[in-house]
Amino acid sequence: MQNNKFKGINKSKPPKVYATLPVLNESAYIEALLAGVEAQDYHHWILVVCVNQPDEWWELPEKRPLCEDNAKTLQLLKQHDSDRLLVIDCSSKGNGWQGKRHGVGWARKTAMDFAANLAADEDIILSIDADTHYPAGYFGSVVGQIEHFPQAKGFSAPYYHKLTGDDIADYCILRYEIYMRNYALQMMKIQNPYCFSAIGSGMGCTAKHYKKSGGLTPKLSGEDFYFIQKLRKSGNIIIDNEVVISPAARFSDRVYFGTGPAMIRGRGGDWNSYPIYCSDSFGKVEETFSAFHALYERDVSVPMDAFLHQLCEGESFWENLRKNASTREAFVKACMQRLDGLRVLQFLKSDNENYALSNEEKLFNFLHSDFFSLEEINGLPCFDDFSGCEVHCLSKIRDILFTKERSLQRKIQLA
């Protein structure tokens, strides 16, 4: 019998959850992932797994172990014979990717497209990862949120990396998560429409919205970022959920950027790609977005002008948007869509050079701004150099940021 806690679900025909999983070199995690899916207390689910790698890797000695690990995963999946487990073999000899069509983006897209072709419009397509822990209530909680906010175009899950007990790995994941949460909180503070974290292990939408959006665009890395951004341009994104997922903290070079590569670079002391952006930079973004209505009439000076002029090679960023907008509302929407999360992130990176403050100073100033109450930062450890921080110190900083983010997610609900 279905648990009554799933409020808002049409009990006569509850939507199916299609959990889509890209797999490469994941045999160590696949059994735990399958156990976690089978333990879900929402029982209307299908798991679609795409085991993948380029076919040419079978002939490359340095890559063959990955192919053999994929073969092991395929065998493990066969032992779980079920009509609710659908396996797409893009790994066995002759079935692997050919040419430029490869990588996690293609694997995620292949699984999600496959699910979309099977699903009814109101069924839900979830993107998951093998190294992430999903509590038993996760699927049901997502269904409940999507049905509670039917106008939303997508879903982004709250996350929290569990520590491993290895000081180096824990230091690296905490430093990376502090970067992620500073960005998300600063975007929430300025009420930016792209105030969410995009993680492939925790995103989803209905099959209807997946198809309407044109589906996931394959990228070698960052496909999750671009997909959620695309959904956001068509409507709101759910950013709150009662169940928090736990991605693994692991050193991995399977993708070009993201958690694994960040940890590898961080282990070598390189955090240049993951700075703590200054609150003043976000203030410039906020002021620029606030000028959209005025820009409908004519060009006016905004703090992001230098960046936008460089982006447009000296031309007006706004002129063509004005020409193609029949109303002020259409113009504002077009501005939001063009000055998207990617452009904001590019601006933050470029503007970061204008501040002599260290990462630690920028985070310290943010935590001691009026955005945080004294109660919220109670117990905040002293820090002036991340490289000298012990794990428990970074963990406390992460937890303060996580608690604040969860509080705002509950208040905002939709981005």
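In the block above lies the structure referred to throughout.
Colleague: Please explain the overall build of the protein chain as it appears in this structure.
Modeller: In terms of helices and strands, the protein chain carries 16 helices and 9 strands. Relative to the 2.2 N^0.38 estimate, which gives 22 Å for 415 residues, the radius of gyration of the protein chain is 22 Å and therefore close to what a compact globule would have. Looking at the protein chain as a whole, 55% of its 415 residues qualify as buried. Across the protein chain, contacts joining residues at least 24 apart in sequence account for 77% of those joining residues at least 6 apart. A total accessible area of about 18800 Å² is found for the protein chain, and carbon and sulfur atoms account for 49% of it. Within the protein chain, the 53 negative side-chain charges are centred at a point lying 6 Å from the centre of the 47 positive side-chain charges.

Colleague: Any chance you could explain the side chain of His161 here in plain terms?
Modeller: Topologically, His161 is positioned in the loop between strand E6 (154–156) and helix H5 (167–189). With relative accessibility at 4%, the residue His161 sits in the buried group. Setting aside residues up to four positions removed in sequence, His161 forms contacts with Ile173, Glu177, Pro247, Ala248, Thr259 and Arg398.

Colleague: Whenever I open this one, the packing of helix H1 (residues 27–38) against helix H2 (residues 64–78) confuses me. Can you help?
Modeller: H2 packs onto H1 with a crossing angle of 25 degrees between their chain directions and a minimal axis gap of 9 Å. It follows that H1 is roughly parallel to H2 by the angle criterion. With respect to the hand of their crossing, H1 and H2 are arranged in right-handed fashion. Seen from H1, the contacting residues are Ser27, Ile30, Glu31 and Leu34; seen from H2, they are Asp69, Lys72, Thr73, Leu76 and Leu77.

Colleague: Looking at this structure, how should I read the packing of aromatic side chains?
Modeller: A ring pair, where both rings are aromatic, is described by two values, the distance of the centres and the angle of the planes. In the structure shown here, the tally under the stated rule is 22 aromatic pairs. Note on Phe364 and Phe383: the rings are 6.3 Å apart at their centroids and 65 degrees apart in plane angle, and the pair reads as edge-to-face. A residue pair is termed long-range when its members are at least 10 positions apart, and Phe364 in helix H15 (residues 359–367) and Phe383 in the loop between H15 and helix H16 (391–412) qualify at 19 residues. What makes Phe383 buried here is its relative accessible area of 10%. Taken together through their ring pairs, the aromatic side chains of Tyr176, Tyr179, Trp271, Tyr274 and Tyr277 make up a single cluster. Residue placement shows Arg338 over the ring face of Phe317; its charged tip is 4.2 Å from the ring centre.

Colleague: Explanation requested: the packing of helix H9 (residues 279–290) against helix H14 (residues 341–351) in the structure shown.
Modeller: What describes two packed helices is the angle between their axes and the distance between those same axes. Running from N to C, H9 and H14 point in directions that differ by 135 degrees, and their axes come no closer than 10 Å. With respect to each other, H9 and H14 are oriented oblique. The two elements H9 and H14 meet at a crossing, and its hand is right-handed. Where H9 abuts H14, its residues Ser281, Phe282, Lys284, Val285 and Phe289 lie against Val344, Phe347, Leu348 and Asp351.

Colleague: Would you mind going over the pattern of salt bridges with me for this structure?
Modeller: Between side chains of opposite charge, pairing is possible as soon as their charged atoms come close. Scanning the entire structure with this criterion turns up 15 salt bridges. In this structure, Arg406 and Asp240 form a salt bridge, with 3.0 Å as the shortest nitrogen-oxygen distance. Of this pair, Arg406 sits in helix H16 while Asp240 is found in the loop between strand E8 (237–238) and strand E9 (246–247), placing the two residues 166 residues apart along the sequence. A relative accessible area of 6% places Arg406 in the buried class. A salt bridge links Lys404 to Glu376, with the nearest nitrogen and oxygen atoms 3.2 Å apart. Of this pair, Lys404 sits in helix H16 while Glu376 sits in the loop between H15 and H16, and the two are 28 residues apart along the sequence. Its relative accessible area of 10% is what places Lys404 among the buried residues. Note on Glu376: relative accessible area 30%, which makes it partly exposed. Salt bridges sharing partners connect three or more residues here, namely Glu177, Arg181, Arg398, Asp399 and Glu405.

Colleague: Any chance you could explain the nonpolar core here in plain terms?
Modeller: Taken as a class, soluble globular proteins show a tendency for nonpolar side chains to be buried jointly. Judged by nonpolar contacts, the single largest core of 129 residues is most densely connected at Leu47, Tyr138 and Trp318. Here this core takes 13 residues from H5, the largest share from any one element. Residues in contact with Leu47, not counting those within four places in the same chain, are Ala19, Leu21, Leu33, Leu34, Arg84, Leu85, Leu86 and Ile128.

Colleague: So what exactly am I meant to see when it comes to the environment of Val344 here?
Modeller: Its location among the elements puts Val344 in helix H14. When the C-alpha atoms of Val344 and Ser213 are compared, they prove to be 22 Å apart, with 131 residues separating the residues in sequence. The residues touching Val344, leaving out its near neighbours within four places in the chain, are Met187, Val285, Phe289 and Leu339.

Colleague: Help me understand the pairing of strand E2 (residues 45–52) in this model?
Modeller: Two faces make up the sheet, and in a regular strand the side chains alternate between them. Counted residue by residue, E2 has 8 buried out of 8 residues, so it is predominantly covered. Of the two faces of E2, the one holding Trp45, Leu47, Val49 and Val51 and the one holding Ile46, Val48, Cys50 and Asn52 are both buried throughout. In this sheet, E2 lies alongside strand E1 (residues 17–23) in parallel orientation, the contact comprising 7 bridges. When the sheet's bridge partners are listed, Thr20 is paired in E2 with Val48. Once you follow E1 into H1 and on to E2, the crossover reads as right-handed. Between the parallel elements E2 and strand E3 (residues 85–90), the chain passes through H2 in a crossover that is right-handed.

Colleague: What should I look at first to understand the side chain of Asp123 in this one?
Modeller: Structurally, Asp123 can be placed in the loop between helix H3 (104–118) and strand E4 (124–127). Buried and unpaired, Asp123 has Lys16 as its nearest opposite-charge partner, separated by 6.2 Å. Reaching out from Asp123, the side chain makes a polar contact with the backbone nitrogen of Ala120 at a distance of 2.9 Å. Here Asp123 is in contact with Pro15, Lys16, Tyr18, Cys205, Thr206 and Ala207, once residues within four sequence places are set aside.

Definitions and limits used
- Residues numbered from 1 in each chain as written.
- Predicted model: local features only at pLDDT ≥ 70, side-chain atom pairs only at ≥ 80, totals over all residues.
- Heavy atoms only, no water.
- Helix = DSSP H or I, 4+ residues; strand = E, 2+ residues; numbered from the N terminus.
- Rg over C-alpha atoms; globule rule 2.2 N^0.38 Å.
- Buried < 20%, exposed > 50% of the residue type's maximum accessible area, 1.4 Å probe, protein only.
- Contact = heavy atoms within 4.5 Å.
- Areas by Shrake-Rupley, 256 points an atom, 1.4 Å probe, with all protein chains shown as cover.
- Lys, Arg positive; Asp, Glu negative; His and termini not counted.
- Charge placed at Lys NZ, Arg CZ, Asp CG, Glu CD.
- Axes fitted to C-alpha atoms, helices over the stretch in contact; angles between N-to-C directions.
- Parallel < 35°, antiparallel > 145°, perpendicular 65-115°, else oblique.
- Left-handed = near helix turned anticlockwise from the far one by under 90°.
- Phe/Tyr/Trp six-rings, centres within 6.5 Å; stacked < 30°, edge-to-face > 60°.
- Lys NZ or Arg CZ within 6 Å of the ring centre and 35° of its normal.
- Salt bridge = Lys/Arg side-chain N within 4 Å of Asp/Glu carboxyl O.
- Core = buried A, V, L, I, M, F, W, Y, C linked by side-chain atoms within 4.5 Å.
- Pairing = 2+ DSSP bridges.
- Right-handed = clockwise from strand over helix to strand, strands pointing away.
- Polar contact = N/O pair within 3.5 Å; in protein donor to acceptor, adjacent residues only side chain to side chain.

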